[in-house]
Amino acid sequence: MTPIPRADGIDVRPIAESEFADWLRAVNTGFLRAAPLTDEEVEGRRERFVEGRYLGAFDRGRCVATFRSFDQELTAVGGASVPADAVSGVTVTATHRRRGLLSRMMARDLAAAKERGDVAATLIAAEYPIYGRYGFGPATSMAEWTVDVPRAGLDARWAGPADGGRVDLVEGEDVRKLGPELHERLRRGLPGAIDRDDMWWRMNTGVLRWDPTWKPPFYAVYRSASGGVEGMAVYEVDDNWGDAKQPLNTATVRWLIGVTPAAERALWEYVCSVDWVVKVKSGWRAPDDLLPHFLPDPRAARITSLADWLWVRILDVERALEARTYEGTGALVLEVAGVDGLTGGCYRLEVSPEGASCTPTTESAELELGLGELGALWLGDESAVRLAALGRVREERAGAARKADALLRTSRRPWCPDMF
């Protein structure tokens, strides 16, 4: 696609591979990373370069705005994977704000994603107010807990899971072998989860690293009584001692996954049992995570961060609503207001535990909402009744928001364990 000339002389276009290093420098500038870009980092990150998916805005030859997207598999309610357009690396240099550069890059990328047949677009927003105007809505949240270990009431003599399983410390090589299959098992049952490619595993086990302060973490694996790998935790521990040689160390969990509650319980109990550790930081968790209630005293786990996480923009309303499952039976007519001509219209949604159909209709709408609100509702976390109270959806028929909640909401909250 030929870039459209602009009066301001700034071209928005896909970058050439030869411009990749300049593009990365612009990303670092946008994210306020002043560390010099090394040749090793450029060559390592070049592995993910896909022609046409890296956009830049250029003013007199200098890259002043960046945008990247890549193919992603996103888990819908019920476990189906849908193709998504993952948006990342979005920056606009402070000298070039308010010139519509992000809008131009976003419009170009979403149009290409729609043409490819992606069901949705996703991103994790560094700033909240930006992405709603492009049809994205916050579809999952995250919470972080800090556990006061001495207060938690756990058995100080803990030496292993009580269910016959075991926790073993392993090496990064073992994580790369065991982790992908375990993560796929988790992802298939977790709405909002995304796939992890081979480069993710290499970056998160130290094979690829560019941060000079990086240090190897500890890797722990939970095996059930039958010997199967059902959970994995990666954590690091600081070195902090108080007066009179009193240990005051903090264990920070980089990530912890378990495909059973028993696996999660065993790994949390293990991390909390490590000698000298008096505080555990959980890392990014689901907002309804079981962690606090694995502790005899749940008040020992204090929420230290609670925020929106994965944002979703629906690109194909019919496929998105048909891809997920529903626990109840019913029908609802939705009027979805588009923002850019790519998506929107009036749809009749009919659902049951056996499946769903979503088709364009000329019927009168029962509930009117924007694309951002649909994205927030699609994974089952947000409440249409709540959005109606906020004035973000409108009932054209009394009780339509309550009906939407009965059809769309899920018993457990969706969660995306990853940053991208």
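About the criteria used
- Residues numbered from 1 in each chain as written.
- Predicted model: local features only at pLDDT ≥ 70, side-chain atom pairs only at ≥ 80, totals over all residues.
- Heavy atoms only, no water.
- Helix = DSSP H or I, 4+ residues; strand = E, 2+ residues; numbered from the N terminus.
- Rg over C-alpha atoms; globule rule 2.2 N^0.38 Å.
- Buried < 20%, exposed > 50% of the residue type's maximum accessible area, 1.4 Å probe, protein only.
- Contact = heavy atoms within 4.5 Å.
- Lys, Arg positive; Asp, Glu negative; His and termini not counted.
- Charge placed at Lys NZ, Arg CZ, Asp CG, Glu CD.
- Salt bridge = Lys/Arg side-chain N within 4 Å of Asp/Glu carboxyl O.
- Expected span 1.5 Å × (residues − 1).
- Core = buried A, V, L, I, M, F, W, Y, C linked by side-chain atoms within 4.5 Å.
- Pairing = 2+ DSSP bridges.
- Axes fitted to C-alpha atoms, helices over the stretch in contact; angles between N-to-C directions.

**Overview of the overall build of the chain**
Helix and strand content of the chain: twelve helices and 19 strands. Scaling as 2.2 N^0.38, a compact globule of 420 residues should have a C-alpha radius of gyration of about 22 Å, and the chain matches this with 23 Å. Based on the C-alpha atoms only, the size of the chain along its principal axes is roughly 70 × 55 × 40 Å. Evaluated residue by residue, the chain yields a buried proportion of 50% over its 420 residues. Taking all contacts inside the chain whose residues are at least 6 apart in sequence as the whole, residues at least 24 apart take part in 73%. With 53 positive and 63 negative side-chain charges, the chain shows a separation of 3 Å between the mean positions of the two kinds.

**Remarks on the pattern of salt bridges**
Applying the stated rule across the entire model yields 35 salt bridges. The partner of R45 in a salt bridge is E41, with the nearest N and O atoms 2.9 Å apart. Placement of both R45 and E41 in helix α2 (residues 39–45) is noted, with a separation of four residues, approximately one turn of the helix. For E41, a relative accessible area of 13% translates into the label buried. Of the charged contacts in the structure, one is a salt bridge between R392 and E373, with a shortest N-O distance of 3.2 Å. Of this pair, R392 sits in the loop between α11 (384–389) and β19 (393–395) while E373 sits in helix α10 (residues 371–378), and the two are 19 residues apart along the sequence. With a relative accessible area of 14%, E373 lands in the buried category. In this structure, a network of salt bridges that share partners links the residues R53, D71, D85, R116 and D118.

**Some details on helix α7 (residues 261–273)**
With 13 residues, α7 ought to run about 18 Å at 1.5 Å a step, and its terminal C-alpha atoms sit 18 Å apart, in line with that. Those residues of α7 lying buried are A263, E264, A266, L267, W268, E269, Y270, V271 and C272.

**With respect to the nonpolar core**
Across soluble globular proteins, you tend to see nonpolar side chains buried next to one another. If you look at the biggest cluster of nonpolar residues, it comprises 43 residues, and the most contacted ones within it are L310, V312, I314, L321 and W378. Per element, the largest residue contribution to this core is five residues, and it comes from helix α12 (residues 400–408). Beyond its immediate stretch of four places on either side in the chain, I314 contacts V119, A120, A320, T343, L371, L374, G375 and W378.

**Quick look at the sheet that holds β19**
The strand order across the open sheet formed by five strands is β17-β16-β15-β18-β19, and the pairing between neighbours is mixed. A single partner strand is all that each edge strand has here, and the edge strands are β17 (355–360) and β19. This sheet shows a mean twist of 25° between the axes of neighbouring strands, independent of strand direction. Of the strand pairs in this sheet, strand β15 (residues 330–337) and strand β18 (residues 367–370) are connected by four bridges, and their pairing is parallel.

**Regarding unusual backbone geometry**
In this structure, L32 is a non-glycine residue whose phi angle is positive, near 60°. In this fold, L32 is placed in the loop between α1 (20–30) and α2. Taking the relative accessible area as the measure of exposure, L32 reaches 76% and is therefore exposed. Notably, A244 is not glycine yet its phi reads approximately 55°, a positive angle.

**Considering the sheet that holds strand β8 (residues 166–170)**
Strand pairs in the sheet, formed through backbone hydrogen bonds, run parallel or antiparallel to each other. The seven strands are arranged β8-β9-β10-β11-β12-β7-β13 in an open sheet whose pairing can be described as mixed. In this open sheet, the two strands that pair with only one neighbour each are β8 and β13 (301–308). Strand-to-strand twist across the sheet, computed as the mean angle between neighbouring axes with direction ignored, equals 25°. Pairing between strand β7 (residues 141–148) and strand β12 (residues 277–281): three bridges, direction antiparallel. Within the sheet, the bridge partner assigned to V147 lies in β12 and is V280. Contacts between helix α5 (residues 172–188) and the sheet are confined to β8, β9 (218–223), β10 (229–237) and β11 (249–258), with β10 contributing the most and set at about 125° to the helix. Along the sheet face, α7 touches β7, β8, β9, β10, β11 and β12 and points at about 165° away from the line of β11.

Just distances and angles here, no functional claims.
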